[in-house]
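# Understanding the architecture of this molecule
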Amino acid sequence: TDKKDILALIKKAETTHELTKDEIVALLIDTEYEAEFFAAADRVRRMYVGDEVHLRGLIEFSNTCKQNCLYCGLRRDNKKVNRYRLGPETILDFATKAKSYGYRTVVLQSGEDEWFDVAAMVDIIKKIKELGLAITLSVGEKPREVYQAYRDAGADRYLLRIETTDKALYEKLDPGMSWDNRVKCLQDIKELGFELGTGSLVGIPGQTVESLADDVLFFKSMDADMIGVGPFIPNPDTPLAKEAGGTFELSTKVMAMTRLLLPDINIPATTAMESLNPQGRVLALQRGANVVMPNVTEGEYRQLYLLYPGKICINDTPAHCRSCITGKIQGIGRKVAETHGFRVKRA
Ligand code: 5AD
Ligand code: SF4
Ligand code: FES
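## Observations regarding the pattern of salt bridges
Side chains bearing opposite charge may pair, as long as their charged atoms lie close to each other. Taken as a whole, this structure holds 33 salt bridges when the rule is applied. Two residues, arginine 182 and glutamate 141, come together in a salt bridge whose shortest N-O distance is 2.8 Å. With arginine 182 in helix H8 (residues 179-191) and glutamate 141 in the loop between strand E3 (134-138) and helix H6 (144-153), the pair connects residues that are 41 residues apart, well separated along the chain. In this structure arginine 182 comes out as buried when scored by relative accessible area, which is 6%.

## Here's the deal with the packing of aromatic side chains
With the rule as written, the count across this model stands at eight aromatic pairs. When the centroid spacing of 4.8 Å and the interplanar angle of 45° are considered together, the rings of tyrosine 84 and tyrosine 301 count as tilted. Residue tyrosine 84 is found in the loop between strand E1 (52-62) and helix H4 (88-100), and its partner tyrosine 301 is found in helix H13 (residues 301-304); the two are separated by 217 residues along the sequence. The class for tyrosine 84 is buried, based on a relative accessible area of 5%. The exposure class assigned to tyrosine 301 is partly exposed, which follows from its relative accessible area of 22%. With centroids separated by 6.2 Å and ring planes inclined at 50°, the aromatic side chains of tryptophan 179 and phenylalanine 218 adopt a geometry described as tilted. One end of the pair, tryptophan 179, is in helix H8; the other, phenylalanine 218, is in helix H9 (residues 209-221), with 39 residues separating them in the sequence. Neither tryptophan 179 nor phenylalanine 218 differs from the other in exposure class; each is buried. Among the aromatic residues, ring-to-ring pairing joins Phe61, Trp115 and Phe116 into one connected group. The ring of phenylalanine 342 is capped by arginine 157, whose NZ or CZ atom sits 4.3 Å from the centre of that ring.

## Quick look at the environment of aspartate 93
Relative to the assigned elements, aspartate 93 resides in helix H4. As a C-alpha pair, aspartate 93 and isoleucine 128 span 35 residues in sequence and 9.7 Å in three-dimensional space.

## Side note on the site of ligand 2
All residues in the neighbourhood of ligand 2 are listed as Cys65, Gln67, Cys69, Tyr71, Cys72, Arg75 and Gly111. Grouping the constituent residues of the shell around ligand 2 by class yields four nonpolar, two polar and one charged.

## Some thoughts on H8
Counting along an α-helix, one turn takes 3.6 residues, and residues three or four places apart therefore face a common direction. Compared with the 18 Å implied by 1.5 Å per residue over 13 residues, the 18 Å span of H8 between its first and last C-alpha is a close match. Trp179, Arg182, Val183, Cys185, Leu186, Asp188 and Ile189 are the residues of H8 that are buried. If you check the start of H8, you find a side-chain oxygen 3.3 Å away from the backbone N of aspartate 180, and it comes from serine 178. Once H8 ends, the next one or two residues include glycine 193, with phi positive near 90°.

## Considerations on the site of ligand 1
Taken together, the residues surrounding ligand 1 are Tyr71, Cys72, Arg161, Glu163, Leu201, Pro231, Phe232, Ile233, Leu307 and Tyr308. At 2.8 Å, a side-chain N or O of arginine 161 approaches an oxygen atom of ligand 1. Measuring from a nitrogen atom of ligand 1, one finds a backbone N or O atom of isoleucine 233 at 2.8 Å. Residue classes in the shell around ligand 1 are distributed as eight nonpolar, no polar and two charged.

## Examining the environment of proline 239
Within the fold, proline 239 resides in the loop between strand E6 (226-231) and helix H10 (248-261). Separated by 34 residues in the primary sequence, proline 239 and methionine 273 have C-alpha atoms spaced 22 Å apart. Residues contacting proline 239, with those up to four places away along its chain left out, are Leu70 and Arg75.

## Concerning the pairing of strand E2 (residues 105-110)
Here is the key point about a regular strand: its side chains alternate between the two faces of the sheet. For E2, a buried count of six out of six residues is recorded, marking the element as mostly surrounded by other parts of the structure. What you see with E2 is no split at all: Thr105, Val107 and Gln109 on one side and Val106, Leu108 and Ser110 on the other are buried throughout. Bridge count for E1 against E2 is six bridges, and the pairing is parallel. If you follow serine 62 over to E2, its bridge partner there is serine 110. In this fold, the crossover linking E1 to E2 by way of H4 has right-handed handedness. Pairing of E2 with E3, which is carried by five bridges, proceeds in the parallel orientation.

Calculation criteria
- Residues numbered from 1 in each chain as written.
- Chains lettered and ligands numbered in written order.
- Predicted model: local features only at pLDDT ≥ 70, side-chain atom pairs only at ≥ 80, totals over all residues.
- Heavy atoms only, no water.
- Salt bridge = Lys/Arg side-chain N within 4 Å of Asp/Glu carboxyl O.
- Helix = DSSP H or I, 4+ residues; strand = E, 2+ residues; numbered from the N terminus.
- Buried < 20%, exposed > 50% of the residue type's maximum accessible area, 1.4 Å probe, protein only.
- Phe/Tyr/Trp six-rings, centres within 6.5 Å; stacked < 30°, edge-to-face > 60°.
- Lys NZ or Arg CZ within 6 Å of the ring centre and 35° of its normal.
- Near = heavy atom within 4 Å.
- Nonpolar A, V, L, I, M, F, W, Y, C, P; charged D, E, K, R; others polar.
- Expected span 1.5 Å × (residues − 1).
- Polar contact = N/O pair within 3.5 Å; in protein donor to acceptor, adjacent residues only side chain to side chain.
- Contact = heavy atoms within 4.5 Å.
- Pairing = 2+ DSSP bridges.
- Right-handed = clockwise from strand over helix to strand, strands pointing away.

Spelled out as structure tokens, the structure:
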């Protein structure tokens, strides 16, 4: 592809929000016009979702997981992890504090932990809803009836990354799990009226640039409302310890491509991006992102929720992160949103 072609593709993406797989690949592998590409994603972000940045307070309420994903520090075979579960009172306390920091959404995230049964989750969801907060759940694959119960209790959004659209690769890296079932979960979540969040890991071993293009086309075909993309960061306590890992640049490219093709959705500047680059979230906000998910988990638990090494903020307090992130957002001329930050469909 020559120079004119790349610039024409960027223009096509920016104006039509449609590209073929080959065109996506051409842009992802181009290194010459990255600045133009990111600038286009930034313009689309500004035109469709504006300058406001939505903050979502993240509560990591259990690091216990029955799954064994090869890339993840919380996998069940990792015996080095001190496992914890926060009780309902603690979760509610953190949610109340999140509200006091001005967050309008809390994200309840955990490993796949059966200890929290449906009744317990429903009770927590209802109590958090009474605070007037929006709730995002990120607790893994469940039967449709369970998603239904969470939705009926008032949960607004659900995050479940597809991780990769390469089914064979997915089933190799997530042993015992079914890619088809994961897609079924995403469909159930969508049909039940949650805002659907999914996303992928960039740089997992065996992944190709074609497969990254498929990921973005998959996000579009699912009409996802939120997409979280982050680099794979090898964890020394996992079977993928010796693998290379993803780069900051490529993960922001996949993110920017997502903004170009799904212009009106919510896209976080992910923690993993900042873990690879000290300016990672600010740069991501200038390459298509419009959401940040600051941690509101307190105390020792932060250190124990270690998906990958080098995770940021593990020794910081929620109050510190709140003022830190506000400073970064304002420092680039953007504004912290004061609304709940649901997707406003404009496409
Ligand atoms: N590096 C980066 N992201 C990871 N995740 C799990 N392990 C890693 C890792 N080593 C991501 C997965 C999961 C999310 C909660 O964390 O994409 O969906
Ligand atoms: Fe469990 Fe999620 Fe980690 Fe897989 S990625 S081991 S499901 S916490
Ligand atoms: Fe946690 Fe900056 S957001 S220290």
